[in-house]
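# Overview (structure and organization)
Take a look at the letters that make up each chain.
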Amino acid sequence: MMNSARTADANAVEARGLTVVRGGRTVLRGLDFTVEPGRITGLLGPSGCGKSTLMRAVVGTQAKVTGTLDVLGRPAGHPSLRPRIGYVTQAPSVYTDLTVRQNLDYFAAVLRPGRTHRASREEAVSRAIGDVDLTRHADALAGNLSGGQLSRVSLAVALLATPELLVLDEPTVGLDPVLRRDLWNLFHGLAADRGTTVLVSSHVMDEAERCHRLLLMREGEILADDTPDGLRTRTDSATVEEAFLHLVDEATANQATANQATANQATANEATASEATASETAASGATEDEAAACQEKTR
Ligand SMILES: Nc1ncnc2c1ncn2[C@@H]1O[C@H](COP(=O)(O)OP(=O)(O)OP(=O)(O)O)[C@@H](O)[C@H]1O
């Protein structure tokens, strides 16, 4: 993958011509986008459009990535980015036979090994457990927690190193409305108080309204990169969902027009080719007639 020479970048993420091939198929096609620092950017689009793939590319775990992708001023995947990025996948990465605190203690010890860091580790663990509102469950076995509580343990692990960039893959799936609201409050708190950049995916359009900026995706492409207000205004829509549907319909209509133009051109090319063949045949026929006439004369 190419990357720019800059080491400091105003944008938390900057992609140009980002292309990803998975299983022999191009699933992200030449994407250009930026993610502003200290803001919440929502990555929205239907299932299978490429949200997780884009996030994997940003955190540096995706193979077959081409184009330019800079993250926090470094090429995506650079080893120096590891402690600066928190990544929460859709599947909770938690040991079910440990308590919440033991899970956090373990990951804290991986991040900051050694006796000298013991006090700061304990502080980070208690802070992360508090951030996700699991203090009351700190000594509960992870295996006995609900799905929503488990995903909050995963989030707490990602918050341990106070990351500058937090990448969250559909963190609110399966959560009740109260928990969803609390998590969104947490994301806003992290952005406002700690300056954390949050890149969060969802296919629930009402969550789009909670983001500062949106990247709307469809079939491996970015349909729009705008604020919720900007999207509603330019599509004359009441909600982001309506704006998204408007943009999908527009893209489908443009695609249909482009396909029709290609089909018309192919038909025109075929017609030209047939005409050329007919004239060649006629021309070669005339030459044969002329040759026959010559032969007749020479007899
Ligand atoms: N391991 C894989 N090998 C090959 N193709 C894959 C793999 N994982 C995903 N894909 C394909 O890549 C495309 C994008 O998938 P991706 O998981 O990024 O979409 P998504 O928008 O995150 O979907 P969802 O909202 O369901 O999580 C899909 O067409 C999918 O079939």
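The name given to the chain in an unreviewed UniProt entry is ABC transporter ATP-binding protein, and the organism recorded there is Streptomyces mutomycini.

### Things to note about the packing of aromatic side chains
Tallied over the full model, the rule gives 4 aromatic pairs. Ring geometry for Tyr95 against Phe107: centres 6.1 Å apart, planes inclined by 20°, an arrangement best described as stacked. On the criterion of sequence distance, the pair formed by Tyr95 in the loop between β6 (85-88) and α2 (100-111) and Phe107 in helix α2 is long-range, its members being 12 residues apart. Taking the relative accessible area as the measure of exposure, Tyr95 reaches 40% and is therefore partly exposed. On the numbers, 5.2 Å between centres and 70° between planes, the contact of Tyr106 with Phe107 is edge-to-face. One aromatic cluster is present, formed by Tyr95, Tyr106 and Phe107 through successive ring pairs.

### As for the pattern of salt bridges
As enumerated under the stated definition, the model contains 17 salt bridges in all. For Arg16, the salt bridge goes to Glu14, with nearest N and O atoms at 2.8 Å. The exposure class assigned to Arg16 is partly exposed, which follows from its relative accessible area of 36%. For Glu14, a relative accessible area of 12% corresponds to the buried category. Here Arg118 and Glu122 are joined by a salt bridge, their closest N and O atoms 3.8 Å apart. Of the two residues, Arg118 and Glu122 both sit in helix α3 (residues 118-131), 4 residues apart, roughly one turn of that helix.

### Quick notes on the nonpolar core
Residues Ile40, Leu104, Leu155, Leu168, Leu214, Leu216 and Leu231 are the most contacted members of the largest nonpolar core, which totals 48 residues. Setting aside residues no more than four positions away along its own chain, Leu104 makes contact with Val125, Ala128, Ile129, Val153, Ala156, Val157 and Leu160. Formed by 29 residues, the second largest nonpolar core is a distinct cluster that contains Leu28, Leu81, Val167 and Leu215.

### A short note on the packing of α2 against α3
Taken N-terminus to C-terminus, the directions of α2 and α3 make an angle of 130°; their axes are 10 Å apart at the nearest point. By the angle between their axes, α2 is oblique relative to α3. Regarding α2 and α3, the two cross each other, and that crossing is right-handed. Residues Val100, Arg101, Leu104, Asp105, Ala108 and Ala109 of α2 lie in contact with α3, whose contacting residues are Arg121, Val125, Ser126, Ala128 and Ile129. Split by residue class, the contact of α2 with α3 holds 7 nonpolar, 1 polar and 3 charged.

How each quantity is defined
- Residues numbered from 1 in each chain as written.
- Predicted model: local features only at pLDDT ≥ 70, side-chain atom pairs only at ≥ 80, totals over all residues.
- Heavy atoms only, no water.
- Phe/Tyr/Trp six-rings, centres within 6.5 Å; stacked < 30°, edge-to-face > 60°.
- Helix = DSSP H or I, 4+ residues; strand = E, 2+ residues; numbered from the N terminus.
- Buried < 20%, exposed > 50% of the residue type's maximum accessible area, 1.4 Å probe, protein only.
- Salt bridge = Lys/Arg side-chain N within 4 Å of Asp/Glu carboxyl O.
- Core = buried A, V, L, I, M, F, W, Y, C linked by side-chain atoms within 4.5 Å.
- Contact = heavy atoms within 4.5 Å.
- Axes fitted to C-alpha atoms, helices over the stretch in contact; angles between N-to-C directions.
- Parallel < 35°, antiparallel > 145°, perpendicular 65-115°, else oblique.
- Left-handed = near helix turned anticlockwise from the far one by under 90°.
- Nonpolar A, V, L, I, M, F, W, Y, C, P; charged D, E, K, R; others polar.

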